[in-house]
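Residues per chain are reported as follows:
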Amino acid sequence: METPAAMMDHRAVPSLSAEEKRRIERVARCVARDRDGHLTERLLLRLLSMTRNGRRWGFLAPDHPLHPYYLQQKVSERCRILRPRPSAADR
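Residues numbered from 1 in each chain as written. Predicted model: local features only at pLDDT ≥ 70, side-chain atom pairs only at ≥ 80, totals over all residues. Heavy atoms only, no water.

### Thoughts on the overall build of the protein chain
Secondary structure summary: the protein chain contains five helices and zero strands in total. Burial analysis of the protein chain (91 residues in total) assigns 30% to the buried set. Nonlocal contacts in the protein chain, meaning residues at least 24 apart in sequence, comprise 66% of its contacts between residues at least 6 apart. Surface accessibility of the protein chain: about 6900 Å² in total, with carbon and sulfur atoms responsible for 54%. (Helix = DSSP H or I, 4+ residues; strand = E, 2+ residues; numbered from the N terminus. Buried < 20%, exposed > 50% of the residue type's maximum accessible area, 1.4 Å probe, protein only. Contact = heavy atoms within 4.5 Å. Areas by Shrake-Rupley, 256 points an atom, 1.4 Å probe, with all protein chains shown as cover.)

What follows is the structure, encoded as structure tokens:
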């Protein structure tokens, strides 16, 4: 079964400014690196609901058009973290 990020059509993602892209990638990296990423994500969603700053943090909400891009970045970072690094003997 494919994840939502894997099923995402890259052409369906709205165009991103460099600032939006950087913000989404930074948050995805933070959530992916945290041992309890689900808790971090819940805290961020709570922050979104408290601040109501959907323009800046709306991508965290599942119904936001940029949410699939966020998921893709989070999964990509998680995979990068889990990928075994080549040892010096393999080089």
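### Digging into the packing of aromatic side chains
Here the structure, examined in full by the defined rule, presents two aromatic pairs. Between tryptophan 57 and phenylalanine 59, the ring centres sit 6.3 Å apart and the planes meet at 45°, which makes this aromatic pair tilted. Between phenylalanine 59 and tyrosine 70, the ring centres sit 5.4 Å apart and the planes meet at 55°, which makes this aromatic pair tilted. Note that phenylalanine 59 is positioned in the loop between helix H4 (54–57) and helix H5 (67–82) and tyrosine 70 in helix H5, a separation of 11 residues in sequence. When its relative accessible area of 3% is taken as the criterion, phenylalanine 59 is described as buried. The exposure class of tyrosine 70 is buried, given its relative accessible area of 0%. Joined through ring pairs, the aromatic side chains of Trp57, Phe59 and Tyr70 make up one cluster. (Phe/Tyr/Trp six-rings, centres within 6.5 Å; stacked < 30°, edge-to-face > 60°.)

### Description of H5
One turn of the α-helix equals 3.6 residues, which is why residues spaced by three or four share an orientation. With 16 residues, H5 extends 23 Å from end C-alpha to end C-alpha; this agrees with the ideal 22 Å at 1.5 Å per step. Those residues of H5 that sit buried are His67, Tyr69, Tyr70, Leu71, Gln73, Lys74 and Glu77. (Expected span 1.5 Å × (residues − 1).)

### Regarding the environment of arginine 55
Summarising the element assignment, arginine 55 is placed in helix H4. In the structure, arginine 55 is positioned 35 residues away from glutamate 20 in sequence and 9.6 Å away in space, judged by C-alpha atoms.

### Re the confidence of the model for the protein chain
Do not read the predicted coordinates in detail wherever pLDDT is low. Looking at the protein chain as a whole, its pLDDT mean stands at 77, while 76% of the residues score no less than 70. Taking the mean pLDDT of every element in the protein chain, the minimum, 45, falls on helix H1 (residues 4–7) and the maximum, 88, on helix H2 (residues 18–33). This model gives residues 1–11 a pLDDT under 50, and the stretch forms nine contacts once residues within four places in sequence are excluded. (pLDDT = per-residue confidence, 0-100.)

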